[in-house]
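Observations on the model geometry
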Amino acid sequence: MSTTVTYTEADVCNFVEALSHLTDDRDNRGKRHALAFVVAGVVCAILSGRSKVSSIFRFLRNRIEWLREVTHSPEAGVVSRAHLPRLLARVDWAELNTLIDRHFGVQVELRATHDWVAIDGKVLRGTLASGDKQSVVVAVSHARRTLLAQAPMKGSKTSEIPVVRDLLKHSQLEAHKVTLDAHHCNPKTTAQIHQAGGQYVIQVKENQPILRTQCQHVAATAVPLGSHAECEKAHGRLTTREGQCFDMNALNMAPRWSDSGVHTLVVMTRHTFTLATQKTTCETAYYISNQARSADPHAQAMELTGAIRQHWHVESDNWIRDVTLDEDNVKTKSANQAQVMGCLRSLAMRLLRRFNVKNFQEALEDFADCPSRFEALLRRVKFL
């Protein structure tokens, strides 16, 4: 998931300086534009509401004097529209990601043991030809909405499974509390987390038909250990969610699940009343967990149902990438360029959260309209 960056923290005082340590394999005779300056400029463009390569180019051209001043690069020139994507395509994604983690990441070993992490994949829909899409897998803290780790991925949704396993291992998140969607409900992934000492909550859908049928049988016949309910009114809907926890230890599961430590079934029932139509819908979802039975079953039900609810955070971040940062409409031809730009958008979101931004769109517009405030915030987080 990462690569070695050969410098010490004493070598640099801000992120732009650290960017100068990125590997640049271009021929020295053709290096008209410093890689660090261009990458820093692209991040500033994204934080000013620019998304497409043409729009980012115009930002670099129109704000060149400001960029020279804040990055202390008085000789920097304007990279051409044609050369910009080619230069970004040459950046080493793993090295860039390691650099970002060193400056803006959260160390796994410092996280509270009760903090859950949501892991999910995001397709970069504007990349390459149909059937050769690029994607990214992200791990987001439930409590802090912080991006903890990410990994590039190529191909269909199926290829997400081994990428997530590698991400869990290399980021050490396999030893922590993680939530995953039904795509990852398979005994190899659950066993990896359980054997590493971590905990998981994973939805069970039709991709595991036998297990799903067993979950439905337990929910229909067993007595719940604990339950938790909550009601929410938002977006013209009144939603009531109730989660019930059941003991699965007595269930005769298939041998392939023997190393997964499946102990608990969580059944989530959601009733949604739409105010405009006066109609009510109901849906039930099933989740398995290796969290052992607690002495306080109601507190356990509150924790597990809360983890399921908060898994929405990673989906919310995907929505921000699509709608606010316009990720799906960014067209690229190079696979690495797509991944590098995705990595820089992830960095932009990390910085926005460090700024304690509540409304991302408003912040992007403020940064574009007020360069002095934008510069002050970038210096506060040691980007500049």
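Residues numbered from 1 in each chain as written. Predicted model: local features only at pLDDT ≥ 70, side-chain atom pairs only at ≥ 80, totals over all residues. Heavy atoms only, no water.

1. Some thoughts on the overall build of the protein
In terms of helices and strands, the protein carries 14 helices and nine strands. Taking 384 residues into account, the globule formula puts the C-alpha radius of gyration at 21 Å, and the protein, at 23 Å, falls close to it. The principal-axis extent of the C-alpha atoms belonging to the protein is close to 75 × 50 × 40 Å. With 384 residues in all, the protein has 52% of them scored as buried. Sequence separation of at least 24 residues holds for 62% of the intrachain contacts in the protein that already meet a minimum separation of 6. About 18,000 Å² of surface is accessible on the protein, with carbon and sulfur atoms providing 50% of the total. Placing the 48 positive and 40 negative side-chain charges of the protein at their respective mean positions leaves the two points 5 Å apart. (Helix = DSSP H or I, 4+ residues; strand = E, 2+ residues; numbered from the N terminus. Rg over C-alpha atoms; globule rule 2.2 N^0.38 Å. Buried < 20%, exposed > 50% of the residue type's maximum accessible area, 1.4 Å probe, protein only. Contact = heavy atoms within 4.5 Å. Areas by Shrake-Rupley, 256 points an atom, 1.4 Å probe, with all protein chains shown as cover. Lys, Arg positive; Asp, Glu negative; His and termini not counted. Charge placed at Lys NZ, Arg CZ, Asp CG, Glu CD.)

2. What to know about the side chain of glutamine 339
Along the polypeptide, glutamine 339 turns up in helix H12 (residues 335-354). Accessibility expressed as a relative area gives 5% for glutamine 339, which makes it buried. Side-chain polar atoms of glutamine 339 contact the side chain of glutamine 134, separated by 3.0 Å. Residues contacting glutamine 339, with those up to four places away along its chain left out, are Trp93, Leu124, Gln134, Ser135, Val136, Pro152 and Met153. (Polar contact = N/O pair within 3.5 Å; in protein donor to acceptor, adjacent residues only side chain to side chain.)

3. Focus on the pairing of strand E5 (residues 199-204)
Counting buried residues in E5 gives five out of six residues, a clear majority hidden from the surface. Of the pairings in the sheet, the one linking strand E4 (residues 177-180) to E5 comprises four bridges and is parallel in character. Looking across to E5, one finds that lysine 177 is bridged to glutamine 199. When E5 meets strand E9 (residues 279-289), the two strands line up antiparallel, connected through four bridges. (Pairing = 2+ DSSP bridges.)

4. Considerations on the sheet that holds strand E2 (residues 134-141)
Where strands meet in a sheet, backbone hydrogen bonds hold them as pairs that are either parallel or antiparallel. The mixed open sheet is built from nine strands, whose spatial order is E3-E2-E1-E4-E5-E9-E8-E7-E6. With partners counted over all chains shown, the strands left at the sheet margins are strand E3 (147-154) and strand E6 (226-234), one partner each. Recorded for the sheet is a direction-independent mean angle of 20° between the axes of neighbouring strands. Where helix H7 (residues 160-170) meets the sheet, it contacts strand E1 (116-124), E2, E3 and E4, and its direction lies at approximately 145° from that of E3. Most of the contacts of helix H11 (residues 312-324) go to E1, to which it runs at about 30°, and overall it touches E1 and E2. (Axes fitted to C-alpha atoms, helices over the stretch in contact; angles between N-to-C directions.)

5. A look at the environment of glutamine 310
Looking at the secondary structure, you find glutamine 310 in helix H10 (residues 297-310). Placed 117 residues apart in sequence, glutamine 310 and isoleucine 193 show a C-alpha to C-alpha distance of 19 Å.

6. With respect to unusual backbone geometry
Even without a glycine there, the phi angle at histidine 72 is positive, about 55°. One can find histidine 72 in the loop between helix H4 (64-71) and helix H5 (83-88).

7. Regarding a negative patch on the surface
A surface patch of negative charge is lined by Glu362, Glu365, Asp366 and Asp369. Position of glutamate 362 relative to the elements: it lies in helix H13 (residues 360-369). Residue glutamate 362 is classed as partly exposed on the basis of its relative accessible area, which comes to 45%. (Patch = residues over 30% accessible without salt bridge, like charges linked within 9 Å, V, L, I, M, F, W, Y side chains within 5 Å. Salt bridge = Lys/Arg side-chain N within 4 Å of Asp/Glu carboxyl O.)

8. As for the confidence of the model for the protein
The pLDDT averaged across the protein works out to 89; a share of 92% of its residues lies at or above 70. A low-confidence stretch, residues 108-112 (pLDDT under 50), is modelled with eight contacts involving residues beyond four sequence positions or located in other chains. (pLDDT = per-residue confidence, 0-100.)

9. Quick notes on the layout of surface pockets
Space inside the largest pocket adds up to approximately 890 Å³. Contributing to the lining of the largest pocket are 27 residues, with Arg241, Arg270, Ile308, Arg309 and Trp312 lying nearest its centre. Contributions of two or more residues to the lining of the largest pocket are made by E4, E5, E6, strand E7 (237-247), strand E8 (264-274), E9, H10 and H11. If you tally residues by element for the lining of the largest pocket, the top one is E9, at four residues. (1 Å grid on protein atoms, 1.4 Å probe; cavity = no way out; pocket = protein on both sides within 12 Å on 5 of 7 lines; lining within 4 Å. Points joined across faces, edges and corners; volume = space filled by probe spheres on them.)

10. Digging into helix H3 (residues 53-62)
Within the sequence span of H3, burial applies to Val53, Ser55, Ile56, Phe57, Phe59 and Leu60. Tucked into the core, H3 has its buried residues touching helix H2 (35-47), H4, H5 and H12.

11. Some thoughts on the packing of H2 against H12
Interaxial distance between H2 and H12 falls to 9 Å at its minimum, and their mutual angle equals 60°. With respect to H12, the element H2 is oriented oblique. Crossing handedness for the pair H2 and H12: right-handed. Within the contact between the two elements, H2 uses Val39, Val42, Val43, Ile46 and Leu47 and H12 uses Leu344, Arg345, Leu347, Ala348, Leu351 and Leu352. Considering only residue class, the contact of H2 with H12 consists of 10 nonpolar, no polar and one charged. (Parallel < 35°, antiparallel > 145°, perpendicular 65-115°, else oblique. Left-handed = near helix turned anticlockwise from the far one by under 90°. Nonpolar A, V, L, I, M, F, W, Y, C, P; charged D, E, K, R; others polar.)

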